Amino acid sequence: YGLGIRLKEWKTGQKLFYHNGWWHGNTSSYTTLRNENAVIIALSNKFTHKTFQVKRLSALFGDYPFPLNDTIQKED
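These numbers come from a predicted model, not from an experiment.

A. Molecular detail of the sheet that holds strand β4 (residues 38-44). Strand order across the open sheet formed by 4 strands is β1-β2-β3-β4, with antiparallel pairing between neighbours. Two strands bound the open sheet, and with one partner strand each, they are β1 (6-9) and β4. Between one strand axis and the next, the sheet turns by 20° as a mean value, whatever way the strands run. Pairing of strand β3 (residues 26-33) with β4 involves 7 bridges; the strand directions are antiparallel.

B. How the structure looks around the packing of aromatic side chains. Under the definition given, this model contains 3 aromatic pairs. Ring centres of W10 and Y64 lie 5.9 Å apart, and the angle between their planes is 80°; this geometry places the pair in the edge-to-face category. Here W10, found in the loop between β1 and β2 (15-23), pairs with Y64, found in the segment after β4; they are 54 residues apart in sequence, far enough to count as distant. For W10, a relative accessible area of 22% puts it in the partly exposed group. With relative accessibility at 5%, the residue Y64 sits in the buried group. On the basis of an interplanar angle of 85° and a centroid distance of 5.8 Å, the ring pair of W10 and F66 is categorised as edge-to-face. Here the residue W10 occupies a position in the loop between β1 and β2, and F66 occupies one in the segment after β4, the gap between them amounting to 56 residues. The class of F66 is buried, set by a relative accessible area of 16%.

C. Highlighting the environment of I40. Position of I40 among the secondary structure elements: in strand β4. Sequence separation between I40 and L57 is 17 residues, and the spatial gap between their C-alpha atoms is 8.0 Å. Not counting residues within four places of it along the chain, the set of residues in contact with I40 comprises S29, Y30, T31, L33, V54, L57, S58 and F61.

D. View of the nonpolar core. Judged by nonpolar contacts, L16, Y18, L33, A38, I40, A42, V54, A59, Y64 and F66 together constitute the single largest core of 10 residues. When residues of this core are traced back to their parent elements, those giving at least two are β2 and β4. No other element matches the 3 residues that β4 contributes to this core. For A38, the residues in contact, after removing those within four places along its chain, are T31, T32, L33 and F61.

Rules and cut-offs
Residues numbered from 1 in each chain as written. Predicted model: local features only at pLDDT ≥ 70, side-chain atom pairs only at ≥ 80, totals over all residues. Heavy atoms only, no water. Pairing = 2+ DSSP bridges. Helix = DSSP H or I, 4+ residues; strand = E, 2+ residues; numbered from the N terminus. Axes fitted to C-alpha atoms, helices over the stretch in contact; angles between N-to-C directions. Phe/Tyr/Trp six-rings, centres within 6.5 Å; stacked < 30°, edge-to-face > 60°. Buried < 20%, exposed > 50% of the residue type's maximum accessible area, 1.4 Å probe, protein only. Contact = heavy atoms within 4.5 Å. Core = buried A, V, L, I, M, F, W, Y, C linked by side-chain atoms within 4.5 Å.

Next comes the structure, spelled out in structure tokens:
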């Protein structure tokens, strides 16, 4: 577990390394932005897929194709 680092790469040359996980009702997400020297980590103590969307915050650090206006959503 934890060795499944995934890579997203765009034509702009931006690379995003990430790993999502869940265990016994907890979820987590780890995102590395190497060009920006930044790491984004999200932990949740309930089972929700919203934790896995944290990689969309990478648009705050660089030229990543995630819309910023949809990044923060109100919890229902």
